[in-house]
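So you can see what is in the structure, the chains are spelled out below.
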Amino acid sequence: MRASQAGPAAGLAAQMLLLAAIAGAVGLGVAGWAVGLACALAVDATLAWSLRRRRSDRLGPASWVTIARATLAVGVAALVADSFAHGEHVALLVSLAAVALALDALDGWVARRTATATALGARFDGEVDAFLILVLSVDVARSAGAWVLAIGAARYVFLAAGWLVPWLRAPLPPRRWRKVVAATQGAVLTVAAAGVLPPAATQAALVVALAMLAESFGRDVWWLWTRRHAQCA
């Protein structure tokens, strides 16, 4: 099987197995299955398209870790969707999210250790981060307030703005702080979903997380703005 097919096919198979396991363990209604299947197909189709478009890139060891993270994120999405109709399975949702966050620290290390870092792998890693943060923000927004959705929507608003404002689509320089901020969003949202902190402490942590996100995106937008004329030249 070609590399452009093997990774997405393996990811889809793993995601179907996880959804079946969730259904067997806690039950999964129509909404959970529908959202889980839709997210799995979207993730794997996008990965397959990216691999075909970037024929020089291949899935390295780190990208397989990212596929595992994407699989867990699909499971979280299915649980969140199902909870609107059948109640929450907090322990399972938080467990899947926590493992996905732990693996987030692993894939970068693997890429550096094996010298297999690629632009495609870095982009895939970032998009899985954004997807998990979006799903968790939907879950937490029900208890903490709709404003929490801004945390999950920020990445997608930035991408949409790029279609309207060309200079926002220019490549950004690598910045470790960007990764730190993404990891913080995931960790804070997972703790908020677990409900282990007093409501006031949860709200404060979410406000800090959103402020960090606004600062990170604001710095990127400013960097792009100051170089917009050179990009258009």
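Residues numbered from 1 in each chain as written. Predicted model: local features only at pLDDT ≥ 70, side-chain atom pairs only at ≥ 80, totals over all residues. Heavy atoms only, no water.

Observations concerning the packing of aromatic side chains
Geometry of an aromatic ring pair is reported as the spacing of the ring centres plus the angle between the planes.
Move 1: Counting across every chain of the model gives two aromatic pairs.
Move 2: With 5.6 Å between their ring centres and 50° between their planes, F158 and F217 make a pair best called tilted. Here F158, found in helix α6 (residues 149-164), pairs with F217, found in helix α8 (residues 199-226); they are 59 residues apart in sequence, far enough to count as distant.
Move 3: The class of F158 is buried, set by a relative accessible area of 12%.
Move 4: In this arrangement the basic side chain of R142 is found over the ring face of F84, its NZ or CZ atom lying 4.2 Å from the centre.
Move 5: One Lys or Arg, R228, reaches over the ring of W225 and ends 3.3 Å from the middle of that ring. (Phe/Tyr/Trp six-rings, centres within 6.5 Å; stacked < 30°, edge-to-face > 60°. Helix = DSSP H or I, 4+ residues; strand = E, 2+ residues; numbered from the N terminus. Buried < 20%, exposed > 50% of the residue type's maximum accessible area, 1.4 Å probe, protein only. Lys NZ or Arg CZ within 6 Å of the ring centre and 35° of its normal.)

Some words on α8
Move 1: Between its first and last C-alpha, α8 extends 40 Å over 28 residues, near the 40 Å set by a 1.5 Å rise per residue.
Move 2: Listing the buried residues of α8 in full gives T202, L206, A209, M212, L213, S216, D220 and L224. (Expected span 1.5 Å × (residues − 1).)

Quick word on the nonpolar core
Inside soluble globular proteins, nonpolar side chains tend to come together where they are buried.
Move 1: Counting residues in each nonpolar core, the largest one holds 40 residues, and the members touching the most others are V76, L93, V140, V148, L189 and L206.
Move 2: Breaking this core down by element, the ones donating at least two residues are α1 (3-26), α2 (30-53), α3 (61-86), α4 (90-114), α5 (119-144), α6, α7 (176-194) and α8.
Move 3: Among the nonpolar cores identified, the runner-up in size contains nine residues, and L47, I67, A70 and F124 belong to it. (Core = buried A, V, L, I, M, F, W, Y, C linked by side-chain atoms within 4.5 Å.)

Considering the confidence of the model for the protein chain
Do not read the predicted coordinates in detail wherever pLDDT is low.
Move 1: Counting all residues, the mean pLDDT for the protein chain is 92, and 96% of those residues have values of 70 or more.
Move 2: The secondary structure element of the protein chain with the lowest average pLDDT is helix α9 (residues 228-232), at 71, and the one with the highest is α8, at 96. (pLDDT = per-residue confidence, 0-100.)

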